[in-house]
Amino acid sequence: MEQSRTITIVGGGTAGWMTAATLSRYLGRGWRIVLVESEEIGTVGVGEATIPQLQILHRALGIDEDQFLSRCNGTYKLGIEFAGWGDADSRYIHAFGEIGRPLGLVPFHHYWLRSRGKAAFRALDAYSLNAVAAYAGRFQRGAPQGRAPLGGLGHAYHFDASLYARFLREYAEARGVMRIEGRIVDVALDGESGNVTGVTLAGGERIGGDLFVDCSGFRGLLIEQALGTGYEDWTRWLPCDGAIAVQCARTDPLLPFTRSTAREAGWQWRIPLQTRTGNGHVFCSRFMEADKAQDVLLANLDGAPVTEPRLLRFTTGRRKRFWHRNVVALGLAAGFMEPLESTSIHLVQSGIERLLRFLPGSDLRDADVDAFNAQTVFEYEAVRDFLILHYKVNRRAEPFWRACAEMQVPDSLAAKIDLFEANGRITRFNEELFAEVGWLQVMAGQGLKPAGHHPLADQPTDAELAEFLSLLANGVAQQVGAMPTHLDFIARHSPAALA
Ligand code: FAD
């Protein structure tokens, strides 16, 4: 009889249960999936804002959006507002979805750049359906009825991380995943291959496996503590190393976006859920003590705190190898860059997709492992550069921000900044996560000013340009005006099950 292969997932946080749910959906006969987690240790408990790609995973799993949002007290997210990142008074949205419309070969933003200094000029936000809807507190799913030249909104979610893990756990267990409760106290390695052969729980139980997925969080129980894989430290570029997290009472209106507000030595997040608001202050301990970071956070909440503030410490960077021997690290065990653009949960998702692409048969092949690692490194570095951009391009006066502005950035990012500053051009390589439109909003929003624009954007006359721009901005405003409020939309489709 054919022997089944066992994949053992260590950890039941967001990463562990996303992995278990997806593998249970795609691996059928011949595979056994086991997940070990420890309630005593618990999960990191933060990680509540996402990017639109999560919809792809949910569609693949057959998860109903309304049911998911209702079970996880979730809201819609149209983008992230960055307050005070350029200079202390600046404000812009990195919104999902498209901005304006290209004309012929030329991306829209070159026409926008051409309009600088002319009467027709409006902020970039005016051409983004997502940005205008976000500020208006409105939401509409999918493409609207009738004439809608700008299409529909792009959306992601905010949700309660522990409810999400519970939701996915139900999904995975219903599809045969075996959950084992217990604290792992020992990891056994094969003397010859160095592969992990099993883990031992405090009660003495031993759990084996053919392939192990390390979702044990920052500690990297298998990938680091057992295999000593090594960590590439990115603190020189992403200097924040701590966060204080606290939840507060919900305030109205229920806004459909994350807010990121720059502070003296870091930044503060605000994530609105149906039943409460998640808040955190990410800070750099070289410039601010944790006690002060907590005071800053508590002094800047929208509502009364409903939990005790919690301190989390981290080192930005990545594992030197994401897949080492028979261990694949996902989630915080793989690395952590910053919650700034809500990319961690997405990196779990893409790591799972990649694991499925390179799923080993009865033998582990170095070529598969190397390809997995190379692709993951590319993905992490592209995200890293995008995050560094936010710190590098600022005009704030505080010592932390001056140090960020003066740091030397990776060549790959320096080239992107130079290219944009010349003629507003943006290139996206291969499968880079963030599209041109994302880079545009952050580069322009933080104050980079290209010297020129694409010469073909000079073809319309000034009057034609003004008409084109005003048609677009009016179209956006009209379309948003016809949308229901975010609160009404949620109340109708996905009110919190656990209000
Ligand atoms: P954890 O949640 O830490 O889970 C680890 C699991 O391993 C737990 O179940 C634990 O019990 C188990 N475990 C550990 N040791 C043992 C042991 N010895 N025996 C048995 N079990 C064990 N991501 C986003 O996408 N958006 C955000 O907005 C966002 N904000 C963040 C803010 C902060 C401050 C931080 C630190 C992270 C944020 N993240 C965000 C990242 C996000 O929280 C994580 O990517 C996500 O929660 C996945 O975590 P995890 O499952 O890898 O680890």
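In this text the structure is predicted, and so the values were computed from the model without any measurement.

Definitions and cut-offs
Residues numbered from 1 in each chain as written. Predicted model: local features only at pLDDT ≥ 70, side-chain atom pairs only at ≥ 80, totals over all residues. Heavy atoms only, no water. Buried < 20%, exposed > 50% of the residue type's maximum accessible area, 1.4 Å probe, protein only. Helix = DSSP H or I, 4+ residues; strand = E, 2+ residues; numbered from the N terminus. Pairing = 2+ DSSP bridges. Phe/Tyr/Trp six-rings, centres within 6.5 Å; stacked < 30°, edge-to-face > 60°. Lys NZ or Arg CZ within 6 Å of the ring centre and 35° of its normal. Contact = heavy atoms within 4.5 Å. Expected span 1.5 Å × (residues − 1). Arc of directions from axis to C-beta. Axes fitted to C-alpha atoms, helices over the stretch in contact; angles between N-to-C directions. Parallel < 35°, antiparallel > 145°, perpendicular 65-115°, else oblique. Left-handed = near helix turned anticlockwise from the far one by under 90°. Nonpolar A, V, L, I, M, F, W, Y, C, P; charged D, E, K, R; others polar. Polar contact = N/O pair within 3.5 Å; in protein donor to acceptor, adjacent residues only side chain to side chain. Salt bridge = Lys/Arg side-chain N within 4 Å of Asp/Glu carboxyl O. Near = heavy atom within 4 Å. Areas by Shrake-Rupley, 256 points an atom, 1.4 Å probe, with all protein chains shown as cover.

Novice: Requested: an account of the pairing of strand S5 (residues 91-95), with residues and values cited.
Specialist: Along a regular strand, successive side chains alternate from one face of the sheet to the other. S5 sits mainly inside the fold: four of its five residues count as buried. Pairing between strand S4 (residues 79-83) and S5: five bridges, direction antiparallel. For alanine 83, the partnering residue across the bridge sits in S5 and is arginine 91.

Novice: Please set out the packing of aromatic side chains residue by residue, giving values where relevant.
Specialist: If you walk through the whole model with that rule in mind, you get 30 aromatic pairs. Summarising the aromatic geometry, the rings of tyrosine 391 and phenylalanine 400 are spaced 6.2 Å apart at their centres and angled 90° between planes, so their arrangement reads as edge-to-face. Classification of tyrosine 391 as buried rests on a relative accessible area of 0%. The class of phenylalanine 400 is buried, set by a relative accessible area of 1%. Each member of the aromatic cluster is reached from another via a ring pair, and the members are Phe82, Trp85, Tyr92, Trp267, Trp269, Phe287, Tyr391, Phe400 and Trp401. In this structure, arginine 175 is placed above the aromatic ring of tyrosine 171, and the distance from its NZ or CZ to the ring centre is 3.6 Å. Positioned above the aromatic ring of phenylalanine 372, the side-chain terminus of arginine 354 is 6.0 Å from the ring centre.

Novice: An account of the environment of glycine 74 is requested, with residue identities and associated values reported.
Specialist: Along the chain, glycine 74 falls in the loop between helix H3 (65-71) and strand S3 (75-77). Placed 89 residues apart in sequence, glycine 74 and leucine 163 show a C-alpha to C-alpha distance of 9.6 Å. Setting aside its immediate chain neighbours within four residues, glycine 74 contacts Leu69, His158, Phe159, Gln274 and Ile490.

Novice: Before we move on, can you summarise helix H12 (residues 411-423) with the specific residues and values?
Specialist: The first and last C-alpha atoms of H12 sit 19 Å apart over 13 residues, in line with the 18 Å expected at 1.5 Å per residue. Among all positions of H12, only Leu413, Lys416, Ile417 and Phe420 are buried. The buried residues of H12 occupy an angular sector of 95° when the element is viewed end-on, so they sit on one face. Set apart from the buried face of H12 by more than 90 degrees, the exposed residues are Asp411 and Asp418. Considering only its buried residues, H12 is in contact with helix H10 (366-392) and helix H13 (436-445). Looking at the residues trailing H12, positive phi occurs at glycine 424, about 70°.

Novice: Explain the packing of helix H9 (residues 344-357) against H10 to me, and be specific about the residues and the numbers.
Specialist: The geometry of H9 relative to H10 is characterised by a closest axis approach of 11 Å and an angle of 160° between their N-to-C directions. As judged from the angle between their axes, H9 and H10 are roughly antiparallel. The way H9 lies across H10 gives a crossing that is right-handed. Residues His346, Leu347, Ser350, Gly351, Arg354, Leu355 and Arg357 of H9 pack against Phe372, Gln375, Thr376, Glu379, Tyr380 and Val383 of H10. Here the residues of the contact of H9 with H10 are counted per class, giving five nonpolar, five polar and three charged.

Novice: Mind laying out the packing of helix H1 (residues 14-26) against helix H2 (residues 54-61), listing which residues take part and the relevant values?
Specialist: Close contact between H1 and H2 brings their axes to 10 Å; oriented N to C, the two are set at 40°. One finds that H1 runs oblique with respect to H2. The hand of the H1/H2 crossing is left-handed. Taking contact as the criterion, the partners of Met18, Ala21, Thr22, Arg25 and Tyr26 in H1 are, on H2, Leu54, Leu57, Ala60 and Leu61.

Novice: How would you sum up the side chain of glutamate 379? Please name residues and give values.
Specialist: Its location among the elements puts glutamate 379 in helix H10. For glutamate 379, a relative accessible area of 9% gives the class buried. A polar atom in the side chain of glutamate 379 sits 2.9 Å from the side chain of arginine 354. Residues contacting glutamate 379, with those up to four places away along its chain left out, are His346, Leu347, Ser350 and Arg354.

Novice: Kindly report on the pattern of salt bridges, identifying the contributing residues and their values.
Specialist: Applying the stated criterion across every chain, the model contains 26 salt bridges. Close ionic contact of arginine 319 with glutamate 224 constitutes a salt bridge, the shortest N to O distance being 2.8 Å. Of this pair, arginine 319 sits in strand S18 (residues 317-319) while glutamate 224 sits in helix H7 (residues 221-226); the two residues are 95 residues apart in sequence, bridging distant segments of the chain. Classification of arginine 319 as buried rests on a relative accessible area of 5%. Ionic contacts of the salt-bridge type, sharing partners, join the residues Glu37, Glu39, Arg179 and Glu181 into one network.

Novice: Mind laying out the site of the ligand, listing which residues take part and the relevant values?
Specialist: For the ligand, the set of nearby residues contains 33 residues, the closest of which are Gly12, Ala49, Ile184, Leu332 and Ile345. Take glycine 12: an N or O atom from its main chain is 2.8 Å from an oxygen atom of the ligand. One of the backbone nitrogen or oxygen atoms of alanine 49 is found 2.7 Å away from a nitrogen atom of the ligand. Within the complex, the protein chains bury 98% of what would otherwise be the 1000 Å² of accessible surface of the ligand. Counting residues per element, the ones that place at least two in the shell around the ligand are H1 and H9. Class assignment of the residues belonging to the shell around the ligand gives a composition of 15 nonpolar, 14 polar and four charged.

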